[in-house]
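The primary structure of each chain is shown beneath.
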Amino acid sequence: MYIAQEESFGPVMVISKFKNGDVDGVLRRANTTEYGLASGVFTKDISKALYISEKLEAGTVFINTYNKTDVAAPFGGFKQSGFGKDLGKLFSPSLISHLTVQINEKTT
């Protein structure tokens with residue numbers, strides 16, 4: 001699916017089906033793209049969400065929310081979505097694989 005492989009800027013959300021329990025298959029599909037700015041996980045199972053957020057190749061992972069950011073959090077992507085991180089106390093060129101996870105507490 002072309003839209004799932006490109007880095008689209010704008011109000012675009014790709015929702016794809018997967019077989020029940022095939023979390024690793026979903027991760028393979030998500031990480032196949034050459035981009036990795038941000039991603040989102042929606043689930044009632046916070047343990048599964050944290051597992052997925054650790055395995056996703058994205059600079060920011062939103063859990064049960066999307067695009068709700070803390071201005072003090074490091075920002076930047078993986079792969080072709082940028083090098084290093086901007087903002088936050090942790091800014092350093094050596095943190096190119098640092099991950100920011102945003103969790104909506106009201107739904108967990």
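One can find the structure itself at the top, above this paragraph.
Presented here is a report on the structure given in the accompanying data block. These figures come from a predicted structure and were not determined experimentally.

What counts, and where the lines are drawn
- Residues numbered from 1 in each chain as written.
- Predicted model: local features only at pLDDT ≥ 70, side-chain atom pairs only at ≥ 80, totals over all residues.
- Heavy atoms only, no water.
- Pairing = 2+ DSSP bridges.
- Helix = DSSP H or I, 4+ residues; strand = E, 2+ residues; numbered from the N terminus.
- Axes fitted to C-alpha atoms, helices over the stretch in contact; angles between N-to-C directions.
- Contact = heavy atoms within 4.5 Å.
- Buried < 20%, exposed > 50% of the residue type's maximum accessible area, 1.4 Å probe, protein only.
- Patch = residues over 30% accessible without salt bridge, like charges linked within 9 Å, V, L, I, M, F, W, Y side chains within 5 Å.
- Areas by Shrake-Rupley, 256 points an atom, 1.4 Å probe, with all protein chains shown as cover.
- Salt bridge = Lys/Arg side-chain N within 4 Å of Asp/Glu carboxyl O.
- Core = buried A, V, L, I, M, F, W, Y, C linked by side-chain atoms within 4.5 Å.
- Phe/Tyr/Trp six-rings, centres within 6.5 Å; stacked < 30°, edge-to-face > 60°.
- Arc of directions from axis to C-beta.
- Polar contact = N/O pair within 3.5 Å; in protein donor to acceptor, adjacent residues only side chain to side chain.

Our focus in this paragraph is the sheet that holds strand E2 (residues 38-41). A sheet is described by the order of its strands in space; here three strands give the open sequence E2-E3-E5, paired in parallel fashion. Two strands lie at the open edges of the sheet, namely E2 and strand E5 (100-103), each paired on one side alone. Ignoring strand direction, the axes of neighbouring strands in this sheet form an average angle of 20 degrees. Strand contacts of helix H3 (residues 46-55): E2, strand E3 (60-63) and E5, with the helix running at about 165 degrees to E3, the strand carrying the most contacts.

Burial along E3 is two-sided: Thr-60 and Phe-62 facing one way and Val-61 and Ile-63 facing the other are all buried. Across four bridges, E2 lies against E3 in parallel orientation. Paired with Ser-39 across the bridge in E3 is Val-61. Alignment of E3 against E5, held across four bridges, turns out to be parallel. Looking across to E5, one finds that Thr-60 is bridged to Thr-100.

Together, Met-13, Ile-15, Phe-42 and Tyr-66 make up an exposed nonpolar region whose accessible area comes to about 480 Å². Mapped onto the elements, Ile-15 comes out in the loop between helix H1 (2-5) and helix H2 (23-31). For Ile-15, a relative accessible area of 71% translates into the label exposed.

Now for the nonpolar core. The nonpolar side chains of soluble globular proteins are, as a tendency, buried together. Formed by Val-23, Leu-27, Val-41, Ala-49, Ile-52, Leu-56, Val-61 and Ile-63, the largest nonpolar core amounts to eight residues. Of all elements in the fold, only H2, H3 and E3 reach the threshold of two or more residues within this core. Setting aside its immediate chain neighbours within four residues, Leu-27 contacts Tyr-51, Ile-52, Lys-55 and Leu-56.

Below, the discussion takes up the packing of aromatic side chains. A complete count under the given rule lists one aromatic pair for this structure. Measuring from ring centre to ring centre gives 4.8 Å for Phe-62 and Tyr-66, while their planes differ by 50 degrees; the resulting arrangement is tilted. When its relative accessible area of 40% is taken as the criterion, Tyr-66 is described as partly exposed.

To continue, consider H3. Burial in H3 covers these residues: Ala-49, Ile-52 and Ser-53. Viewed along the axis of H3, the buried residues span an arc of 100 degrees, placing them on a single side of the element. Turned more than 90 degrees away from the buried face of H3, the exposed residues are Ser-47 and Glu-54. Each element contacted by the buried residues of H3 is listed here: H2, E2, E3 and E5. Put simply, Asp-45 is the residue that caps the front of H3, since its side-chain oxygen is 3.1 Å from the backbone nitrogen of Ser-47.

Keep in mind these numbers describe shape, not what the thing actually does.
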